[in-house]
Amino acid sequence: MDIAVLVKQVPDTYSERKLRDDGTLDRAAADAVIDEIDSRGVEIALQLTEQHGGEVTVVTMGPDRATETLRKALAMGAHQAVHVVDDGLAGSDALQTSAALAAALKTLTFDLVITGNEASDGKSGTVPAMLAERLGLPSVSSARAVSVDGSTLSAEKIVDGGYAEVTASLPAVLSVSEKIAEPRYPNFKGIMAAKKKPLTTLGIAELGLENTGGAAAPCQVVSSSPKPPREAGQKVTDDGTGGSQLAAFLAAERLI
Amino acid sequence: MSEVLVLVEHAEGAVRTITGELLTAARRLGSPAAVVVGVPGTTDSLRADLTALGAEKIYAAESDDVGKYLVTPQVAALAAAAQGASPAAILLPNTVDGKDIGGRLAVRLGSGLIADAVDLDAEGVATQSIFGGSYTVQTKVTTPAPIVLLRQNAISAEPQAGAGEVTALEFSVDPATATTVTAVHVEPAGDRPELAGAQTVVSGGRGVGSAEQFAVVEDLADALGAAVGASRAAVDSGYYPQQFQVGQTGTTVSPQLYVALGISGAIQHRAGMQTSKTIVAVNKDPDAPIFEIADFGVVGDLFDVAPKLSEEVKARKA
Ligand SMILES: Cc1cc2nc3c(=O)[nH]c(=O)nc-3n(C[C@H](O)[C@H](O)[C@H](O)COP(=O)(O)OP(=O)(O)OC[C@H]3O[C@@H](n4cnc5c(N)ncnc54)[C@H](O)[C@@H]3O)c2cc1C
Ligand SMILES: Nc1ncnc2c1ncn2[C@@H]1O[C@H](COP(=O)(O)O)[C@@H](O)[C@H]1O
């Protein structure tokens, strides 16, 4: 089975993340990395193709340097990569991103599309469902386990208070939770091999996209402002009375 | 006045709290219209509550298919209601299902979507709190029928009775895009409040040391009437189930009081709790980053401090 995995390059959550004055992400402010959730998507795709055969294509939309993220996924073992890149795509919202990614996916053959359940920068968590709707496919979100039997996808999906067992027929869109799998580390051989694997770039013209970019986005940022950071309050060292001092603080704050 | 559609969250014949919050936000923009998607009979059991919370109209989208399929019945029902009503906005809870329903609906209706809004004003401008609360962003949708996913517990419900007029709504699920639910395994929620909406949260981290020792966290939570949370390290170590994870990739909480026990305060944990009104922490390490954001910190062993605090809380209550 052939699998397309969406991978996004995001600011490293270990560094400080910033917005520019126009409300768009300041991509220079933090190190850019493959979103951890997407590396889990690549991992489960590799496991599924190791079991069932087929190839893994990783797909990203982002500026030039997002190629680094594709190379990382190729080094893990993905077979080829597609980079949707065009200056005219800058500032896209979720609806526009899903249109571009859906158009790119239509240039491929696949039995399954795997995404993360939520990007760590945008946190919208809506791109997977938008893609499924655009592609006319069934979808499962927040999977913690998945298996494929013939043309049937079975998954355990995290729900409030537990999980649900669900099935859908392939092709389908699957978004994974962080419980799906631990991503493998690329080894030296993988990193060398990644340099030679095919990487296709696609732009607005090739994909036939309209109404692209921030100015045409259905969602417009009106204003944005940083919040002052929290300040540290009182700190005491427990000498046997720490619990009582804490209780006294909570009582003074009328919290107990 | 234009209708504002609200997807009703309900479970076991009862309306969930977020529904009241959504109806309150809807009233700022137009006439609140609750959309009930459920098996036949559901609307009858919810009608009184929805009316009291502010629904002027109640769409009854009932079918035996609901519950058999993931989200596509809700998408079909909301699309049908939107086609008839040309709503000023469509409001959904910012939950996993809400995102799936909203995402599909946005494409189907060509509507812009705002996820994880913490406020919504009469002009349809939504407020978002991003990067773990370090930025506030105001966003507006330029297309008709904007879809807004509202974070739970972000605005308070102000019930104000509506007319509660019930209208049946026809819809059908396209089998080509349907995902079938074959089994659901959920633990009963018990007496503790739901994590995302709780007024008080007591969380344990890797410092708690084992699943058994999480009883210390639970005891304090019960003394405070709080929900229990956990860090990702505690979840990964198998001390506590994943659904209780607080942080960037877990639940975002914003309670009146957050108690962190044996949690270092990594940036990804802080992202899910630093907008809490008051934060207190117990940690053995005086340099733990959690102290940078704690209003009151105790440097000490959580197994000494937490039980003493529980006792004091119980004593004050008695
Ligand atoms: C992409 C990504 C997403 C992430 N998402 C999340 C998330 O959603 N939520 C989250 O929590 N983390 C998340 N993390 C992980 C995060 O980086 C930290 O690893 C994690 O929060 C650490 O959990 P902890 O504080 O319990 O454990 P540790 O960092 O191991 O801290 C344990 C603390 O307990 C203290 N301690 C030990 N024993 C005692 C005792 N007896 N009494 C008092 N104190 C004691 C120690 O001093 C220490 O400070 C994410 C990481 C990444 C990369
Ligand atoms: N620009 C992008 N390039 C590749 N994948 C993306 C992009 N945006 C979103 N995705 C995928 O969709 C998932 C959910 O993203 P979001 O809906 O933005 O939170 C991510 O984890 C990715 O797998």
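Look up a bit, the structure's there.
In this text the structure is predicted, and so the values were computed from the model without any measurement.

Parameters at a glance
- Residues numbered from 1 in each chain as written.
- Chains lettered and ligands numbered in written order.
- Predicted model: local features only at pLDDT ≥ 70, side-chain atom pairs only at ≥ 80, totals over all residues.
- Heavy atoms only, no water.
- Helix = DSSP H or I, 4+ residues; strand = E, 2+ residues; numbered from the N terminus.
- Expected span 1.5 Å × (residues − 1).
- Buried < 20%, exposed > 50% of the residue type's maximum accessible area, 1.4 Å probe, protein only.
- Arc of directions from axis to C-beta.
- Axes fitted to C-alpha atoms, helices over the stretch in contact; angles between N-to-C directions.
- Parallel < 35°, antiparallel > 145°, perpendicular 65-115°, else oblique.
- Left-handed = near helix turned anticlockwise from the far one by under 90°.
- Contact = heavy atoms within 4.5 Å.
- Nonpolar A, V, L, I, M, F, W, Y, C, P; charged D, E, K, R; others polar.
- Buried area = accessible area lost by both parts, 1.4 Å probe.
- Salt bridge = Lys/Arg side-chain N within 4 Å of Asp/Glu carboxyl O.
- Polar contact = N/O pair within 3.5 Å; in protein donor to acceptor, adjacent residues only side chain to side chain.
- Pairing = 2+ DSSP bridges.

Describe helix 2 (residues 42-53) of chain B, naming the residues involved and giving the relevant values.
All names here are of chain B. In this model, helix 2 (12 residues) spans 17 Å end to end at C-alpha, consistent with the 16 Å of a helix rising 1.5 Å per residue. For helix 2, every residue scored as buried is listed here: Thr42, Thr43, Leu46, Leu50, Thr51 and Leu53. For helix 2, the arc enclosing every buried residue in end-on projection is 140°, short of the 170-degree limit, so these residues lie on one face. The exposed residues of helix 2 that point more than 90 degrees off its buried face are Asp44 and Ala48.

Give a detailed account of the packing of helix 4 (residues 127-135) of chain A against helix 4 (residues 96-109) of chain B, specifying residues and quantitative values.
Across the interface, helix 4 of chain A lies against helix 4 of chain B with an axial gap of 7 Å and an inter-helix angle of 45°. Classified by the angle between their axes, helix 4 of chain A and helix 4 of chain B sit oblique to one another. You can see that helix 4 of chain A and helix 4 of chain B cross each other, and the crossing is right-handed. Along its contact with helix 4 of chain A, which presents A:Ala129, A:Met130, A:Ala132, A:Glu133 and A:Arg134, the element helix 4 of chain B presents B:Lys99, B:Asp100, B:Gly103, B:Arg104, B:Ala106, B:Val107 and B:Arg108. Along the lines of polarity and charge, the residues of the contact of helix 4 of chain A with helix 4 of chain B split into five nonpolar, one polar and six charged.

If you had to explain the interface of chain B and chain A to someone new, which residues and values would you point to?
Contacts between the two partners involve 87 residues from chain B, matched on the other side by 77 residues from chain A. Interface area for chain B against chain A, summed over the two sides, is near 6800 Å², with a carbon-plus-sulfur share of 55%. Where chain B packs against chain A, one counts eight salt bridges. A salt bridge links B:Lys99 to A:Glu118; the shortest N-O distance between them is 2.6 Å. Where chain B meets chain A, there are 42 residue pairs in polar contact (both at pLDDT 80 or more). Residue contributions to the side of chain B that touches chain A peak at nine residues, all from helix 4 of chain B. Per-class residue counts for the side of chain B that touches chain A are 37 nonpolar, 32 polar and 18 charged. Of the pairings in the sheet, the one linking strand 13 (residues 234-237) of chain A to strand 17 (residues 296-299) of chain B comprises four bridges and is parallel in character. When the sheet's bridge partners are listed, A:Gln234 is paired in strand 17 of chain B with B:Phe296.

Break down the pattern of salt bridges for me, citing the residues and quoting the values.
Residue and element names in this part refer to chain A. Using the criterion set out here, one finds 24 salt bridges over all chains in the structure. The partner of Arg184 in a salt bridge is Glu43, with the nearest N and O atoms 2.8 Å apart. With Arg184 in the loop between strand 10 (172-176) and helix 5 (188-194) and Glu43 in helix 1 (residues 36-52), this residue pair connects regions lying 141 residues apart in the sequence. Judged by its relative accessible area of 28%, Arg184 falls in the partly exposed class. Judged by relative accessible area, Glu43 falls into the buried class, the value being 5%.

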